[in-house]
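# Coordinate analysis (summary)
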Amino acid sequence: MPRLVFGAVALLVANTAAAEPCYQDSNGRIVTRRRPGLVEVPCPPASTPPVDTPANAPAGTISRITRPALTDYMDAVPVPDRWRIVETLGVQERWWDPYNRNVLKGDRPLDADGAWFFNLGLVSDTVFEHRAVPTPVGASTTRSPGAVDTFGGAAQDALVQNLAAEFAAYKGDTVFRPPDIEFRFTPVLNYNGVRLDEVGSLNADPRTGRTRHDYFLGIQAAFVDLHLRNVSEHYDFDSIRVGIQPFSADFRGFLFQDNQLGVRLFGTRSNNVFQYNLGWFRRLEKDTNSGLNDLLVLPRHDDVVVANLYWQDLPVAGFTSQATVIYNRNREGGQGDHYDDNGFIQRPSSLGREEARDYDVIYVGFSGDGHFGRLNLTTSVYYAAGRETSGTFVPGKTRISALFAALESSVDFDWMRLRVSGLYGSGDGDPLDDRATGFDAIFENPQFAGADSSYWIRQAVPLVGGGRVALSGRNGVLPSLRSSKEEGQSNFTNPGILLAGLGADLDLLPTLRLSANANTLYFDKTAVIEFVRNQGPIAKHIGYDLSAALTWRPWMSQNLVLRASYGTLLGGAGWKALYPDSFPYVLLLNAVLAY
C-alpha cells in the first residue's frame, strides 16, 4: 500500500512538471518561469539536461533554467521606471479618463528622471437664479410712467457660467510628504447675464436698461509653493507659498475666506498634531459683476496679517481646536472715491457721513471642528478690537469693540443628520457715540445654516431709503450695511444679528441628498437702521428663513453634481417695517461638471 501511494504521488508530480509551460526570451533562451513580455513555446524534451547558458549565448541555444539569476531577470524585463511598469502589462492610458492612468492627472512623471508631475483640473459651474428682491424705483426714471412708489418690481433673473482651469506642476515624491516645489495657475472665465424689472439698479446710467450681459477673465490662483525642510522622521515640514492663493481663517468661512495675493509660511509638528500658518495678504480689487480677482488694476490698500495654530485631538480625540489672531489694516481713507464698473460708489459708502475711512482691527478667535462621541460640533468665537478714523456717522476716531459667536451641533442616525445652529454678531446701540460695537468680517463666505440655499445668506438685500448699501451682503450672514463685500470697506456701526436654526441632511439614495433648514433671524440692535431710515421704532424680528435643497451625484462622485434649491423669507415685524408687502424668494439651479 505505501508503494502504491508513493507511486501515485510521483506520477502526479511528473505530470505536473511535464505540463509546466515554457517561455522564450529575446535572446532565444527557453525558461520555465513566466515573466512579462515573454512568449510561450513548446517545452524541450524532459531528457534535456539543465544548463546555465550565459546571457550572451547565440540565439537558438536551449537551456532549461528553473531558477534564473538576477542578471537574467534584468535582461528579460527592461523597465524604464516604476511608474511605467504597468505599460509592460498592456495597460494604456487615455487622456480623457481621470480614473485610470493619466499623465494629465499626475499618475506618471513628465520627465525621464521621474521628478516632475503635472495635474490638470477643469470645472464648469453653471448657476441659474430666479428671485424676488426688494428693489427701489429708479431715482431718475422708472419703467412704469406715473409710478411714485418707493418699491418697484422685485423679480430678477440671473445666469452665471464659470469655466475654471487649474494647472499644477510639482516636483517630488508626494506619498508621505509635500512636493519639493509646486507651481499652480487657475484662470476663470465668467459670463453673467441679469434681468431686472426696474431700470437704474443694474447701472447708474438708466439708458443701459433692465438687462446686462458681461464677460470677465479672472485669476483665482497663481502661486509657487516651496518645501523648505523636513523637521522630523514623520515628514513634519515647513513650506512657503507666494502669490494668489486660497485661504480660510476658520472652518466655516466666517471671518476671511478668499483667494488673495500674499505670502504664507505654513507647516506641521509632532506627526501632524500641530499645523500652523503665518501669512500676509494684500487684497486685490474684484470685478464688479463676476466677483473674480481683477489684475488690471492696482491692489487695494487693505492688508491682512494672520497667525493661527491647529491642535488635533484637543480636548478629545476626534476634535481639532484652532487659535487665530488676524490684523486688518485699511488705509483707503486718502485714496479718493472708488466707483464700481456699473457707476455706483463703493468707497466711501453712501452711508452716514459718506467719508473715506482708515481702520486698524485685531481679531482674536477660537474655532473648533470635530466630534465628541456621536455629537458633531463646529464652533467659532471672535472678538474684534481697534480704531477707525473717522467713524461712519461721527467725525474723529471711533473705538471698535465687537463680538461674534457661532455654533453648529449635529447627530447622525444612519442615513440622517439632524442639526442645530446658533449665531450671534453684536450690534451698535448708538450710532452717534465714539464706540463702534457692530461686528463685521473682512470677507465672509459662511458655510452655515443652509449657506447659499438660504435666502438671507444668498441674496444681497438693498437698504432702500437708507443709502445705497446692502442690509445683508451676497453670500454673507452679517447685516453690516456695506456698499458691497467685494469692493466696500468693513462697517462696525451696524445692527448685528441673532440666528437660531434647525436643519437636516437626508441621504435618500447613495446619489441623492435632501437638505432642509429653518432659521429665525433677529437684529441685535435696531438703532442704526432707525437712524439711517429716519424711521422708528423698528422691531428686531427679521423673519423666518426657510430653505430646501436637492443634491444629485449620478456618478457617485464629484465629477457631476446637480443641485436645486428653494429659499424664502417669511418677514417678521422688522422686515415688514423696512419692506412692506414684499414676498422674497429664490429658486436656484446649479450644475457642476469637473474633470
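Everything discussed here concerns the structure shown above.
For clarity, every value in this text was computed on a predicted model and none was experimentally measured. In this convention, every chain numbers its residues from 1, walking through the sequence in written order. Given that the model is predicted, a residue must reach a pLDDT of at least 70 before its local features are reported, and side-chain atom pairs must reach 80 or more before they are shown or counted; all residues, however, enter totals for whole chains, interfaces and linings. Just so you know, side-chain values use all the structure's heavy atoms and leave hydrogens and water out.

### A closer look at the overall build of the chain
Numbered from the N terminus, helices here are DSSP runs of H or I no shorter than four residues, and strands are runs of E no shorter than two. Within the chain, the regular secondary structure consists of five helices and 26 strands. The buried share of the chain, taken over its 595 residues, is 47%. Whether two residues are in contact is decided by their heavy atoms, any of which lying within 4.5 Å being enough. Once local pairs closer than 6 in sequence are excluded, the contacts in the chain between residues at least 24 apart make up 61%. Only protein chains enter the area calculation, which uses a 1.4 Å probe; residues under 20% of their type maximum are buried, those over 50% are exposed, and those in between are partly exposed.

### Points about the sheet that holds strand β3 (residues 39-41)
A sheet is described by the order of its strands in space; here three strands give the open sequence β2-β1-β3, paired in antiparallel fashion. Both edges of this open sheet fall to β2 (30-31) and β3, since each of them pairs with a single strand only. Any two strands between which DSSP finds at least two bridges are classified as paired. Where strand β1 (residues 22-24) and β2 come together, two bridges link them in antiparallel fashion. By the bridge assignment, Tyr23 is partnered in β2 with Val31.

### Points about a positive patch on the surface
Residues Arg387, Lys397, Arg399 and Arg435 make up a contiguous surface patch of positive charge. Structurally, Arg399 is set in strand β17 (residues 397-413). Residues qualify for a patch when their relative accessible area is over 30% and they have no salt bridge, like charges being joined within 9 Å and the nonpolar side chains of Val, Leu, Ile, Met, Phe, Trp and Tyr within 5 Å. Note that accessible areas follow from Shrake-Rupley with a 1.4 Å probe, and for residues the cover is restricted to the protein chains shown. Put simply, a salt bridge is a Lys or Arg side-chain nitrogen that is within 4 Å of an Asp or Glu carboxyl oxygen. His is not counted, nor are the chain ends; Lys and Arg add positive charge and Asp and Glu add negative charge. By convention, the charge on Lys lies at NZ, on Arg at CZ, on Asp at CG and on Glu at CD.

### So, the packing of aromatic side chains
Here is the rule: rings of Phe, Tyr and Trp (six-membered ring for Trp) pair when centre to centre is within 6.5 Å. Planes less than 30 degrees apart are stacked, more than 60 are edge-to-face, and the remainder are tilted. Within this structure, the stated rule accounts for 22 aromatic pairs. Aromatic pair Phe247 and Phe281: ring centres 5.3 Å apart, planes at 35°, arrangement tilted. Taken as a pair, Phe247 in strand β8 (residues 237-248) and Phe281 in strand β10 (residues 274-282) lie far apart in primary sequence, 34 residues in all. Given a relative accessible area of 7%, Phe247 falls into the buried group. Put simply, the rings of Phe254, Tyr363, Tyr382, Phe404, Phe439 and Phe448 pair up and form one aromatic cluster. For Arg264, the ring lying beneath its charged end belongs to Phe266, and the centroid distance is 4.5 Å. Either the NZ atom of lysine or the CZ atom of arginine qualifies as a charge over a ring when it sits within 6 Å of the ring centre and within 35 degrees of the ring normal.

### Things to note about the side chain of Glu285
For Glu285, the location among the structural elements is in the loop between β10 and β11 (302-312). What makes Glu285 buried here is its relative accessible area of 8%. In protein, a polar contact requires one atom able to donate a hydrogen and another able to accept it; more generally it is a pair of N or O atoms within 3.5 Å, and residues adjacent in sequence count only if both atoms are side-chain atoms. Polar contacts involving the side chain of Glu285 include one to the side chain of Arg347, which spans 2.6 Å. When neighbours within four sequence positions are excluded, Glu285 is seen to be in contact with Leu292, Asn293, Asp294, Val297, Leu298, Arg300, His338, Arg347 and Glu487.

### Details of the pattern of salt bridges
In total, this model carries 31 salt bridges according to the counting rule given. The salt bridge involving Arg241 is made with Asp225; its shortest N-O contact spans 2.7 Å. Residue Arg241 is located in strand β8, and its partner Asp225 is located in strand β7 (residues 211-230); the two are separated by 16 residues in the primary sequence. On the basis of relative accessible area, Arg241 is assigned to the buried category, the value being 14%. On the basis of relative accessibility, which here comes to 7%, the residue Asp225 falls in the buried class. Put simply, Asp452 and Arg458 hold a salt bridge, and the shortest N to O gap is 3.9 Å. A residue is classified by how much of its surface remains accessible, and Asp452, at 24% relative accessible area, is partly exposed. Within the structure, one salt-bridge network assembled from shared partners comprises Glu129, Arg131, Asp452, Arg458, Arg474 and Arg563.

### Some details on the pairing of strand β25 (residues 560-571)
With 10 bridges joining them, strand β24 (residues 541-552) and β25 adopt antiparallel strand pairing. From the neighbouring strand, Ala548 faces β25, where its bridge partner is Tyr566. Of the pairings in the sheet, the one linking β25 to strand β26 (residues 585-594) comprises nine bridges and is antiparallel in character. Its bridge partner lying in β26, Leu562 is registered against Ala591.

### Structural notes on unusual backbone geometry
Along the chain, Arg347 connects to Pro348 via a cis peptide bond; the corresponding omega equals -5°. Within the secondary structure layout, Pro348 lies in the loop between β14 (345-347) and β15 (358-372). Ser390 follows Thr389 through a cis peptide bond whose omega is -5°. Looking at the secondary structure, you find Ser390 in the loop between β16 (375-389) and β17. Positive phi is not limited to glycine here, since Glu354 has a value of about 50°. One can find Glu354 in the loop between β14 and β15. For Glu354, a relative accessible area of 48% corresponds to the partly exposed category. Positioned with a positive phi, Ala451 is a non-glycine residue whose angle comes to about 50°. Note that Ala451 resides in the loop between β19 (435-436) and α3 (455-458). By relative accessible area, which is 13% here, Ala451 ends up buried.

### Some details on the pairing of β10
Bridging between strand β9 (residues 257-269) and β10 involves nine bridges; their strand directions are antiparallel. Bridge pairing in β10 links Val263 to Trp280. Between β9 and the antiparallel strand that follows it, β10, lie four residues; Ser270 among them carries a positive phi value of about 55°.

### So, a nonpolar patch on the surface
There is a patch of nonpolar side chains on the surface, built from Phe128, Leu159, Tyr544, Leu546, Tyr566, Leu570, Phe583, Leu587 and Leu589 and spanning about 780 Å² of accessible area. Going through the elements one at a time, β24, β25 and β26 are the ones with two or more residues in the nonpolar patch. With respect to the element layout, Leu587 can be found in strand β26. You can call Leu587 partly exposed: its relative accessible area is 33%.

### Quick look at the nonpolar core
One finds Leu255, Phe256, Tyr363, Leu423, Phe439, Trp456 and Leu471 to be the most contacted residues of the largest nonpolar core, which totals 55 residues. Looking at this core, the element that brings in the most residues is β17, giving four residues. Not counting residues up to four positions away in its chain, the partners in contact with Leu255 are Ala249, Asp250, Ile326, Tyr363, Tyr382, Phe439, Ala441, Ile442, Phe443 and Glu444. Residues belong to one nonpolar core when they are buried, are Ala, Val, Leu, Ile, Met, Phe, Trp, Tyr or Cys, and are joined through side-chain atoms within 4.5 Å.

So far we have only geometry, and geometry alone does not tell us how the molecule works.
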